[in-house]
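Spelled out, the chains give:
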Amino acid sequence: MDNRQAIGSWLSGPQAAAEDMGVDFGHRGKRLGLPEEGPGSVAPLGRRFGAIFIDWALCFLIAYGLIAGGDQQAAGNWALLVFLVLSFLTVGTLGFTPGKRLLRLRLVSEGGGRLGMGRVLVRTVLLLLVIPALIWDRDGRGLHDRLSRSVQVRL
């Protein structure tokens, strides 16, 4: 092995190095028993970011227009509370937020059923902390999803 291969495997990370040695990790969601493609498969990252952007914009508009009286700085703070309530109520009852619904995503428990309200609350609070959402596993789930034992899937 020359130096370029060693540096390449170091930069690619341990999963890429293991795959080069023949280890098959399978598709995202395989460990959870989810299909590789189509309905019920793990939601793609781009759609998940799009959904949270839509939800955040909606919450900011609600906070700006209805609560903060046009004060942009106050609206940003109020938008966190609006996001907490919106996410808790919609995911807890329907399984998706408005943004997730528009982008055809749903939140389910690891076993495929509905999330209980307690797990929805844990997930939403961790999502508001941002950092847990930035730590992913090989199935593409954030720490907030792992701790609440949930997974975002395609509809």
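Here goes a summary of the coordinates provided. (Residues numbered from 1 in each chain as written. Predicted model: local features only at pLDDT ≥ 70, side-chain atom pairs only at ≥ 80, totals over all residues. Heavy atoms only, no water.)

1. Things to note about the layout of surface pockets
By volume, the largest pocket is sized at about 410 Å³. Around the largest pocket, the lining is made up of 20 residues, and of these Phe49, Ile52, Leu127, Ala133 and His144 lie nearest the centre. Elements that contribute at least two residues to the lining of the largest pocket include exactly α3 (45–67), α4 (72–93) and α6 (117–128). Sorting elements by how many residues they give to the lining of the largest pocket places α3 first, with six residues. (1 Å grid on protein atoms, 1.4 Å probe; cavity = no way out; pocket = protein on both sides within 12 Å on 5 of 7 lines; lining within 4 Å. Points joined across faces, edges and corners; volume = space filled by probe spheres on them. Helix = DSSP H or I, 4+ residues; strand = E, 2+ residues; numbered from the N terminus.)

2. As for the packing of aromatic side chains
Counted according to the given criterion, the structure contains two aromatic pairs. With a centroid separation of 6.1 Å and an interplanar angle of 20°, the aromatic rings of Phe60 and Tyr64 are classed as stacked. Of this pair, Phe60 and Tyr64 both sit in helix α3, four residues apart, roughly one helical turn. We classify Tyr64 as partly exposed; its relative accessible area is 34%. (Phe/Tyr/Trp six-rings, centres within 6.5 Å; stacked < 30°, edge-to-face > 60°. Buried < 20%, exposed > 50% of the residue type's maximum accessible area, 1.4 Å probe, protein only.)

3. What to know about the nonpolar core
Looking at soluble globular proteins, one finds that nonpolar side chains tend to be buried together. With eleven residues, the main nonpolar core is built from Cys59, Ala63, Ala68, Ala74, Ala75, Ala79, Val82, Phe83, Leu86, Leu127 and Ala133. Taken together, the elements giving at least two residues each to this core come down to α3 and α4. Among the elements that take part in this core, α4 stands out by supplying six residues, more than any other. Once residues within four sequence positions are removed from consideration, Ala133 is found in contact with Leu127, Gly142 and His144. Grouped together as the second largest cluster of nonpolar side chains are five residues, Leu34, Val42, Val108 and Val153 included. (Core = buried A, V, L, I, M, F, W, Y, C linked by side-chain atoms within 4.5 Å. Contact = heavy atoms within 4.5 Å.)

4. With respect to a nonpolar patch on the surface
A contiguous nonpolar surface patch, about 580 Å² in accessible area, is contributed by Leu66, Ile67, Trp78, Leu81, Val85 and Leu89. Residue assignment for the nonpolar patch shows that the elements contributing at least two residues are α3 and α4. The biggest single contributor to the nonpolar patch is α4, with four residues. The class for Ile67 is partly exposed, based on a relative accessible area of 40%. (Patch = residues over 30% accessible without salt bridge, like charges linked within 9 Å, V, L, I, M, F, W, Y side chains within 5 Å. Areas by Shrake-Rupley, 256 points an atom, 1.4 Å probe, with all protein chains shown as cover. Salt bridge = Lys/Arg side-chain N within 4 Å of Asp/Glu carboxyl O.)

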